[in-house]
Structures are given as C-alpha cells and as structure tokens.
Amino acid sequence: MSSQPPLSLQRYSPALDEPTPEEAEIGRKIDETMGKVREKTYEDSGHAIRSVHAKSHGILQAELEIDGDLPDVLAQGIFAHPGRHDVLMRFSTIPGDILPDSVSTPRGVAIKIFDVDGDRLPDSEGSRNQDFILVNGPTFQAPDGKAFLGSLKPIAATTDRVEGLKKVVSAAARGIETVVEAVGGESAMLKSMGGQPETHILGDSFFSQLPMRFGDYIAKISVAPLSDNLRALTDQPLDVNGVPDGIRAAVVDFFGSQTAVWEIRAQLCTNLDDMPLEPANKEWSEDESPYVRLGTLTAKPQQAWSEERSRLVDDGMGFNPWNGVEAHRPLGSLMRMRKAAYKHSQQFRSERNGTPVQEPDTLDLP
C-alpha cells in the first residue's frame, strides 16, 4: 500500500450519479425478497433477525484515531481533522439465517463511528454517527441491481432449509475456490455460495466494495490488519467443522488478552472510465490508485461477544451506509436500491422483538 494518493483524481458532482428509470422497481423487488428472508427466519424461531449478516461473531468497542498529517485530498468528510472517536465494530457472516460456521460464506464488519461533524444525509438527521459496511472482498458479487436480485431469489427460497446440503455445497465451493486462487484468481460468486476459505476472521481485510462520496472526490473505504498479531492471522486456517460457532470462539479467545489495530484506508477514484461507479463487480486497480491510510482503529482486550452484547447490538442497533454525513454519500444505483431494505429490516426487528432499534448517542458496551 502506498502512502501517497494519485496526483490526478475524479472530482465529485451530483450529476455523475443520476438515478436510472428502472431503479425504483428493482429496489422494491430487492426489498420484498429480503423481507421474505427475515419473515421465514422469524416464523421458524420467533425472533426477528437481519435479512443479511444475521450471525455476529464479534461485537467490539474500539477507537478511531484520524491521522494528523493527511494531505488535503484525504482530509475530507469526517477525516478532515485529526482526532479520536469511539467506534463500534460488528463482525458477521452474510447469510440471513443462522448457520454453522462450516457453511463458510463471506464475512463482513459493520463500523459505527460516533460523534462526527458534517451535514447529514436525508433520514439520518437525528444521528451524529457515521456507518461504514464492509465485506472481505474488494468487489460486489453482482454487476447491477437486476443481477443482485437474481442472486437473492434462490437464497430467499432456501432460507432456514437444507442445512445439510448447504454444508456439502460449501465444501465443494471451497475446493473449487482453492484451485481458482492457486492460479492467481478469486471468485466472489464461489465465495457467496459457501466457498469462503475457512480462515481466521481477524486476519481479513474488509472493503466497502461500492463507492461513496469522499468530500470533493470519490472513494472506496477499507479496513486492513495493521498490528503484527492480526497480520499473523491473515489466511491462517481455522477448523470450524463440528464447531458451529468456531469463528466467534476464536474472536473471543483473541480479545481475552490481546489488543488489535487495523488501518482504515481510502482508494480514490482517478477517472470514471477506469474506476466506474458501476458495474459494481469491476475492481478498481490498486496499481492505478492504491489504498492510502486515513487513521487507525484500536480494540483493546474485552469480552468480544456475549448474549448481553448481542441483545444490545444485534437486536437494538442498526448499521446503514445511509446513516452518515453528506460528504460520504453512498453512490451508484445498488446503494440506492438497497436503501429501503436497510430501513425495513430495522423496522421489522423493532416491531417483532419488542426492542426498538435505536441509534445510540454514546458507546457503552457491557
């Protein structure tokens, strides 16, 4: 990773990201399909959970320290001034049903940065927080909303069903993914089918995958291991077969005694021909625009997961890329299409569980 951003950058303008005519209808169908997932899991369990990223593996109290010597092109949005902010980190895996970890799917980390300044995005005016939602791969699994909807439908149809088959498919997909990676490739689709390698989640790097406004510019955000103990876990095998919550157990064990430090980074868009807002599965070249450091995230030893933390965060809080400042507006039709789904997922949990999903003012985990 370079410490310097590219010299030539794409400046942000609202005219670069106009909605398309079919967005509203596709977005409605995405919301409807995600609704079927949460309705099925609620029907079976009597407890409402997220439509995606339902299973948490770690819930951490951390601190963001924004670097004090950022060049002007990086000192944008909430990173415009050096300082420290409380941060909540929720590590999870993608499915909307609670599966054993041997069904190995992509991982995510949702980050809530507390008490930030800036003009708010619509519908987030009551919050002073900034959410980033990241996944452990640089590109989104589908090029556009229509393709994403197509991938959601079979997931909705098999939610809370055929767990044994999912284990078999996952094992097969991991085997194929291993071959693909051995020749220098990587398949987001294979990983989404259960082909995610069984490795330690704390060694992963995480990416916004979809672009956002970065003040005067456009960027993607990433979080990557920085401390030696995290780097030592990158690609480190983790045997979860026969251990349904093995990822969570490994996270709890780590934070029983160790401190973790990640680097938070931005990849700036140089031009929309080479680094487009869409298709969403086109990777932005790190040779053309490397990720550059914005600051660090530090999590000290703590009880990294507990039933009490899960009730507070899994049931009582939400993460939404539209909960933030205008300077980090989500960009692209996929971000807009999914906006209603985030909102309705939180409403569903609030209504069914009798625990209102609320935006916290302060961070105080048990």
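Residues numbered from 1 in each chain as written. Predicted model: local features only at pLDDT ≥ 70, side-chain atom pairs only at ≥ 80, totals over all residues. Heavy atoms only, no water.

Caption draft 1: Quick look at the pattern of salt bridges. Here the structure, examined in full by the defined rule, presents 25 salt bridges. Note that Asp67 is salt-bridged to Arg293, the shortest N-O span being 2.8 Å. Linking Asp67 in the loop between strand 1 (55-66) and strand 2 (83-93) with Arg293 in strand 9 (residues 292-299), this pair joins segments that are 226 residues apart in sequence. Relative accessible area serves as the criterion here: at 16%, Asp67 is assigned to the buried category. Residue Asp115 pairs with Arg128 through a salt bridge whose shortest N-O separation is 2.7 Å. A residue pair is termed long-range when its members are at least 10 positions apart, and Asp115 in the loop between strand 3 (107-113) and strand 4 (130-135) and Arg128 in the loop between strand 3 and strand 4 qualify at 13 residues. The class of Asp115 is partly exposed, set by a relative accessible area of 46%. A cluster of three or more residues bridged by salt bridges with shared partners is formed by Glu25, Arg28, Lys29 and Glu32. (Salt bridge = Lys/Arg side-chain N within 4 Å of Asp/Glu carboxyl O. Helix = DSSP H or I, 4+ residues; strand = E, 2+ residues; numbered from the N terminus. Buried < 20%, exposed > 50% of the residue type's maximum accessible area, 1.4 Å probe, protein only.)

Caption draft 2: Examining unusual backbone geometry more closely. Going from Glu278 to Pro279, the amide bond is cis rather than trans, its omega being 10 degrees. Along the chain, Pro279 turns up in the loop between strand 8 (260-268) and strand 9. Phi is positive for Gln209, which is not a glycine, with a value near 65 degrees. Residue placement: Gln209 occurs in the loop between strand 5 (206-207) and strand 6 (212-214). Classification of Gln209 as buried rests on a relative accessible area of 8%. For Asp235, which is not glycine, the phi torsion reads 65 degrees and is therefore positive. Mapping Asp235 onto the fold places it in the loop between helix 5 (228-231) and helix 6 (246-255).

Caption draft 3: Highlighting the packing of aromatic side chains. Per the stated rule, a full pass over the model turns up 7 aromatic pairs. Measuring from centroid to centroid gives 5.8 Å for Phe91 and Phe206, while their planes differ by 65 degrees, and the two rings are edge-to-face. Placement of the pair is Phe91 in strand 2 and Phe206 in strand 5, with a sequence separation of 115 residues. Exposure class is identical for Phe91 and Phe206. Each is buried. By the ring-pair criterion, three or more aromatic residues cluster together here, those being Phe91, Phe206 and Trp262. For Lys112, the ring lying beneath its charged end belongs to Phe319, and the centroid distance is 4.9 Å. Over the ring of Trp322 we find Lys339, and its NZ or CZ is 4.6 Å from the ring centre. (Phe/Tyr/Trp six-rings, centres within 6.5 Å; stacked < 30°, edge-to-face > 60°. Lys NZ or Arg CZ within 6 Å of the ring centre and 35° of its normal.)

Caption draft 4: Representation of the confidence of the model for the protein. For the protein, the mean per-residue pLDDT works out to 89, and 89% of the residues sit at or above 70. Here residues 162-193 is modelled with pLDDT under 50, and outside its nearest four sequence neighbours on either side it reaches 57 contacts, counting other chains as well. (pLDDT = per-residue confidence, 0-100. Contact = heavy atoms within 4.5 Å.)

Caption draft 5: The pairing of strand 7 (residues 217-225), seen in detail. Most of strand 7 sits inside the fold, with 9 of its 9 residues counted as buried. Judged from the 2 bridges that link them, strand 5 and strand 7 form a sheet pairing that is antiparallel. Looking at the pairing, Phe207 lines up with Ser222 of strand 7. Of the strand pairs in this sheet, strand 6 and strand 7 are connected by 3 bridges, and their pairing is antiparallel. Following the sheet pairing, Phe214 is matched in strand 7 by Tyr217. From the end of strand 6 to the start of strand 7, which pair antiparallel, there are 2 residues, and Gly215 there has a positive phi angle of about 65 degrees. Relative to strand 8, strand 7 runs antiparallel, the two sharing 7 bridges. The residue bridging Val223 from the neighbouring strand is Ile264, located in strand 8. (Pairing = 2+ DSSP bridges.)

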